[in-house]
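Commentary on secondary and tertiary structure
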Amino acid sequence: MSAREPLPRSAEEIAEDEAFFRRYGAWAPLDPAALREFMAGFPRPWWIVGGWSIEAFTGAPREHEDVDLSILACDVPAFREHVGDRWHLWSNHGGTLRPLDDRFPEPLSVESQIWVRASAHDPWVIDLPITPDCDGLWTNKRMPGQVAPLEQVTWVAGDGIRYLNPEITLLYKAALQRPKDDRDLDRTWPLLAPTARTWLRETVHELYPDHAWLERMA
């Protein structure tokens, strides 16, 4: 495998990262293989979103800042039981952190994130953006009216790990419009099935009528 592509970062981005680490602490994220070991025995579905899901689909190595694990909102109690007291869980909503424990058993929001670390002296290892659900069905964060069985919106790679479908990952990335998201679109678009291309183009147009990606997807 070739060396991972370094992410171009501006002085502003570097300063933002430094401020982030001073406030919240360091990260030492797991990779998918280590995450699979971490989740071994978890009785409910889980899958990877974000940049790792793009790399798994395209086969093109890219640099990663973290690993994004996701579960359904209804399965948060099962996740708490799975990690037990081995790990500390924190609910992160818009930069507000609160423990996710017996005192505060519910996340700040069903659309928030759960951060995982061993203790206050250890780095964060997992970023878990929660996926809202409707009676146990996957729900699109950008389009709450889109509800589907998890098997329709994810796929299982050769490593046995389940990943979010690439067109849905790109839809989530479209809201951010970062340079790395543009690169992910350029790498993924030629590999998408025609139905996936049509869905992504029409959905981006519906949500973001003036989005710069629309011309690139024409």
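Reading the values: the criteria
Residues numbered from 1 in each chain as written. Predicted model: local features only at pLDDT ≥ 70, side-chain atom pairs only at ≥ 80, totals over all residues. Heavy atoms only, no water. Pairing = 2+ DSSP bridges. Helix = DSSP H or I, 4+ residues; strand = E, 2+ residues; numbered from the N terminus. Core = buried A, V, L, I, M, F, W, Y, C linked by side-chain atoms within 4.5 Å. Buried < 20%, exposed > 50% of the residue type's maximum accessible area, 1.4 Å probe, protein only. Contact = heavy atoms within 4.5 Å. Salt bridge = Lys/Arg side-chain N within 4 Å of Asp/Glu carboxyl O. Phe/Tyr/Trp six-rings, centres within 6.5 Å; stacked < 30°, edge-to-face > 60°. Polar contact = N/O pair within 3.5 Å; in protein donor to acceptor, adjacent residues only side chain to side chain.

**What about the sheet that holds strand β8 (residues 137-139)?**
The three strands are arranged β7-β8-β9 in an open sheet whose pairing can be described as antiparallel. Edge positions in the open sheet fall to β7 (133-134) and β9 (147-148), since each of these has one partner strand only.

**Points about the nonpolar core**
Leu 35, Trp 46, Phe 79 and Ile 114 are the most contacted members of the largest nonpolar core, which totals 25 residues. Elements with a minimum of two residues in this core: α2 (32-38), α4 (76-83), β5 (113-117) and β6 (124-129). Setting aside residues no more than four positions away along its own chain, Trp 46 makes contact with Leu 35, Arg 36, Met 39, Leu 69, Ser 70, Ile 71, Ile 161 and Arg 162. Leu 171, Trp 189, Leu 200 and Val 204 belong to the second largest nonpolar core, which has 13 residues in total.

**Some remarks on the pattern of salt bridges**
As enumerated under the stated definition, the model contains nine salt bridges in all. With a closest N to O distance of 3.0 Å, Arg 62 and Asp 184 form a salt bridge. Here Asp 184 lies in helix α7 (residues 179-188) and Arg 62 lies in the loop between α3 (51-58) and β2 (68-70), a separation of 122 residues in the sequence. Taking the shortest distance from any N to any O, the salt bridge between Arg 80 and Asp 102 comes out at 2.8 Å. Of this pair, Arg 80 sits in helix α4 while Asp 102 sits in the loop between β4 (96-99) and β5, and the two are 22 residues apart along the sequence. If you follow the salt bridges from partner to partner, you end up with Arg 62, Lys 173, Arg 178, Asp 181 and Asp 184 in one network.

**Description of the packing of aromatic side chains**
Within this structure, the stated rule accounts for eight aromatic pairs. Aromatic pair Trp 115 and Trp 124: ring centres 5.1 Å apart, planes at 65°, arrangement edge-to-face. For the residue pair Trp 115 and Trp 124, the accessibility class agrees, reading buried in each case.

**Structural notes on the side chain of Arg 62**
Judged by its relative accessible area of 6%, Arg 62 is buried. Polar side-chain contacts of Arg 62 include one of 3.0 Å to the side chain of Asp 184.

**Thoughts on the side chain of Arg 117**
Structurally, the position occupied by Arg 117 is in strand β5. Within the structure, Arg 117 has its side chain in polar contact with the backbone oxygen of Ser 119 (distance 3.5 Å). In contact with Arg 117, other than residues within four places in its own chain, are Tyr 24, Trp 87, His 88, Trp 90, Asp 122, Pro 123 and Trp 124.

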